[in-house]
Each structure stands twice: as structure tokens, then as C-alpha cells.
Amino acid sequence: MKYDFDAVVDRAHDPYSYSMKWRTDSSIGKLMAEMLGYDELPEDRLCFQTADMDFKCAPEITEALIKTAEHGIFGYSAPPAAYNEAVCHWFSTRFGWNFAPESVFLGAAGTHEVIATCIKSYTEPGDGIIVLLPSYNYHMDIEPIGRVMAGVQMINDRGYYTVDYEALKKACAVPENKMIILIQPHNPTGRVFTEEEILKIGEICRRHDVIILSDEVHIDIARKGMKVLPVMKVLGPKGVISATAVNKTFNVAGLAMSNLIVEDPQLIEKLDKGLPIATPFGISAVIAAYTKCAPWVDELNEYLDRLIDYAMERFAKDLPKVTITRPEGTYVLWADFSGYGLSDDELDERLKATHIIIGDGVMFDAENGRQFRRFCLTSPMSQVKEAFDRLARVF
Ligand SMILES: Cc1ncc(COP(=O)(O)O)c(C=O)c1O
């Protein structure tokens, strides 16, 4: 391998890290300790709670950021034509998905912000936004602006999740439900929706004029042999918006750069476009990532395959009562601990004893998620091994 994904980088103490996931001295660190029932987060903690990788990003991105820093003036900045062209180039070469540079709308405050922008642009207060449960948490985008989250449970067949089309039809038939947020690949279940599934979802949504917002921030992270289809490539642009980002793929979430892809003229007209300004660092990083870093992403996926293979083996060997399926895309593992028959509090206590920080299932499904945990497998192999040794000891 050309790139070193085994290196352990100290994100907890390095003065320039500012990591939300690792630092204890941030407001988030304190909140996290409280939520997990610790007075203080343990020094030997291992962090798997956030979709934020512990690998240094591609050297080509760091180089672009250094050159930007060396320029020495950080005035108001707007993306050049090369920015939109870089986005088009990536999706054309990686996915055979072609769209015009004018279809790219930059959001420089991250994906949550562009999602909230879409909700505000295309729905009214009181309208419903459908999400497939369990789901990455869109509450914070939907509820503060007076919309209602309309959850549709997916069908869970021993850890393999599929869409409940009858439930989706019912939800789409409710006149207030104006939009659905899909996630491709799906977080937290790791499903990659097939062409057939996307076509069925599209047909149901279009029958009721429900706008499809496809959150594709994990689209580049896929298991070997999996082909991830962009939803707009399958359905065409009418009534469809795609939210894309370099954040997950290239481990640059702190730069908060996202892009909406919108080709439908009616949707473009209604979109609150704001001003296309961003930090010079964000602009530089996106151009470098999308034009120079494909080999890094390929190696990253190989490394993630190894981590996930290892984790699946350890679950089978050391935690055989956990129900889990190998994710098809993303680096998240959605693990159901209910097979152990522990009360919710007992499960919390056992996991707390491991000093492994993971995502609580209720964040993804308030009603049914209590016995689930989400692991983001985004750390060097040595830390993943250590985490499974600790889990094996307590289960
Ligand atoms: C599916 C999905 N969408 C959006 C986000 C948030 O992205 P951003 O940091 O760009 O707001 C995440 C972060 O984990 C995610 O998993």
C-alpha cells in the first residue's frame, strides 16, 4: 500500500487537532461524557462514535492546503470554474454519472446545512419529511424549522434491511408529506440500494409528487465488488436532488464543504441558492480531492474492507449473539445486542466498562434502537483489534 492507514495519529492531545470525536476539553467532549454516564471520558477510550476517520487525509489535499496557507491572504473567496468542473469530473469518472457544471450548488457549512436549505426551499412549515428508519439523524435539520419527521420503518430480516414499500406508499399518500430523505448508501444499516429498489422508491414518490433528496455523502465508500448507484443517475433529474460531499470520503469533514446536484429546472428555480462563498481552504481541498485523490480512495476502501472483514469475524467468534450483517457500503456497522437478553441499563453498563465510545441506537431509531449500537469502523487496525479484545472480555 502506498498510503499508511495503520498509523495511529494522536487526535486527543495534539494542540492543532480540535477533534470533536477525541478531545475531552470541548463542549462536545463534556456532553459526550454526560450522555455515556462518565464523570470524565476515560483516558484509554477508543472512539468509534462518529463518521470521521482517524486516518490522515490524502497528501495531495494537505499539499493544496499548505499552498493555500502560504498564499497568506484569506479574504472572501468564491469557487472558480475549476471547482464545479472537479465535482463533475469525479462523478463522471467514478460513477458514469454526468451533469453540467451549472448543476452544482455549493454549500460551505456542511451537508446538514444544504439539507436544511432544501427542506426550506421545497416545503412549508407543518409539512412532513419522510425518512427510512433506522436513519442517520435528520431531526436537527427538520424540526427546528417547523417541519415534521415522518418515519417509515424498514424491514429488518436478521440484520438485513429492506424498504417496506407498503408503509412507504402510505406515507407518500399523506398530502402533507412533501419530501423524502434517502441515504445511499444507507447510514446506519450499510445497505446499498439496488437499481430495482431505487426504481420502486422513485415510482412511489413520483406518483405522489414527493421530492426525493438523496443524501450521498457516503457514496464513495463501498465494499469490494459493490456498485453504488447515484439515485439521480437511476431516476433522472425530475424531482430529485443529490447531496454530495468530500467530507466522509476524504476525511475533511472539518472543512464543511458540500454540494447539491440539482438539474430539474423547477427545483433549481425554487432552490434558495445563497451566496456561493467558502473558505479558500475548503475550495482548495475539494479541487484537489476530486481531481487528484482517486488512488487514495481506492486504497482506503481496501483498508476498510480488511477492517470490516476482521470485525465481522470477531463478532461471529466473540459476540455470537449480536445480530449484524456485513455492510454493503459505508464504514458503519449496525449491531443489535438484544440477543444477549440484557436490560437496557445492563447493556449500557457492560459497554461502558469497555471504554469504547460508540453510537447509541436511539439516535437512529428513537423507538426501536435501544438495544442497537453503531460502530464507525474508521480507525487503524490496532485500535479495532483492541476494541474487540475488550468487547470479548465483557461479553
Ligand atoms: C448520511 C449523512 N449525512 C450527513 C452527515 C453530516 O454531514 P456534514 O458533516 O457534512 O454536515 C453525515 C455525518 O455522519 C451522514 O452520515
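Since the structure is predicted, the reported quantities are computational estimates derived from the model, not experimental observations.

Rules used in this analysis
Residues numbered from 1 in each chain as written. Predicted model: local features only at pLDDT ≥ 70, side-chain atom pairs only at ≥ 80, totals over all residues. Near = placed C-beta within 6 Å. Helix = DSSP H or I, 4+ residues; strand = E, 2+ residues; numbered from the N terminus. Nonpolar A, V, L, I, M, F, W, Y, C, P; charged D, E, K, R; others polar. Domains from an automatic or database assignment. Contact = placed C-beta atoms within 7 Å. Pairing = 2+ DSSP bridges. Expected span 1.5 Å × (residues − 1). Buried ≥ 20, exposed ≤ 12 C-beta atoms within 10 Å, placed from the backbone. Axes fitted to C-alpha atoms, helices over the stretch in contact; angles between N-to-C directions. Left-handed = near helix turned anticlockwise from the far one by under 90°.

Student: Report on the site of the ligand, specifying residues and quantitative values.
Tutor: Near the ligand lie 14 residues; those nearest to it are A51, G110, T111, H112 and Y136. Tallying contributions element by element places helix 4 (residues 110-122) first for the shell around the ligand, with three residues. Class assignment for the residues of the shell around the ligand results in six nonpolar, seven polar and one charged.

Student: Would you mind going over the domain arrangement of the protein in detail, with residue names and values included?
Tutor: Taken as a whole, the protein is organised into domain 1 (27-56 + 295-394) and domain 2 (61-293). Look at where the C-alpha atoms of domain 1 and domain 2 centre, and you get two points 25 Å apart. Facing 26 residues of domain 1, the contacting portion of domain 2 comprises 28 residues. Counting residues per element, the side of domain 1 that touches domain 2 draws most heavily on helix 11 (residues 294-318), at six residues.

Student: Give me the sheet that holds strand 13 (residues 359-360): which residues, what numbers.
Tutor: A sheet is described by the order of its strands in space; here three strands give the open sequence 11-14-13, paired in antiparallel fashion. With partners counted over all chains shown, the strands left at the sheet margins are strand 11 (332-336) and strand 13, one partner each. Relative to strand 14 (residues 372-376), strand 11 runs antiparallel, the two sharing five bridges. Considered in strand 14, the bridge of W334 is made with R374.

Student: Account for helix 3 (residues 81-95), naming residues and giving values.
Tutor: Over its 15 residues, helix 3 extends 21 Å from the first C-alpha to the last, a length consistent with the 21 Å expected when each residue adds 1.5 Å. Residues of helix 3 that are buried: Y83, N84, A86, V87, C88, W90 and F91. Trailing helix 3 by a residue or two, G96 shows a phi angle of about 60 degrees, which is positive.

Student: Quick one: what's the story with the packing of helix 3 against helix 10 (residues 280-292), residue by residue and with numbers?
Tutor: Relative orientation of the contacting elements helix 3 and helix 10 amounts to 35 degrees, with a least axis distance of 8 Å. Taken as a pair, helix 3 and helix 10 cross one another with a handedness that is left-handed. Every residue of helix 10 that contacts helix 3 at A82, Y83, A86, V87, H89 and W90 is listed here: I283, V286, I287, Y290 and T291. Of the residues in the contact of helix 3 with helix 10, the class split is nine nonpolar, two polar and no charged.

Student: Give me the pairing of strand 14: which residues, what numbers.
Tutor: Counted residue by residue, strand 14 has five buried out of five residues, so it is predominantly covered. Residue alternation in strand 14 divides its side chains into two sets, F372, R374 and C376 and R373 and F375, and both sets are buried. Bridge count for strand 13 against strand 14 is two bridges, and the pairing is antiparallel. What sits directly across from G359, in strand 14, is R374.

Student: If you had to explain the pairing of strand 3 (residues 128-133) to someone new, which residues and values would you point to?
Tutor: Of all the six residues making up strand 3, six are buried; the element is thus mostly covered by neighbouring parts of the structure. On strand 3, burial covers both faces: G128, I130 and L132 on one face and I129, V131 and L133 on the other are all buried. Of the strand pairs in this sheet, strand 3 and strand 7 (residues 177-183) are connected by four bridges, and their pairing is parallel. Note that in strand 7 the partner of I130 across the bridge is I180.

Student: Can you break down the sheet that holds strand 3 residue by residue, with the values?
Tutor: A sheet is described by the order of its strands in space; here seven strands give the open sequence 2-10-9-8-7-3-4, paired in mixed fashion. Two strands in the sheet have a free side with no partner beyond their single neighbour: strand 2 (104-107) and strand 4 (148-153). Neighbour-to-neighbour, the strand axes of the sheet open up by a mean angle of 25 degrees, direction not taken into account. Taken together, the five bridges between strand 7 and strand 8 (residues 211-215) define a ladder with parallel strand orientation. Paired with I183 across the strands is D215, a residue of strand 8.

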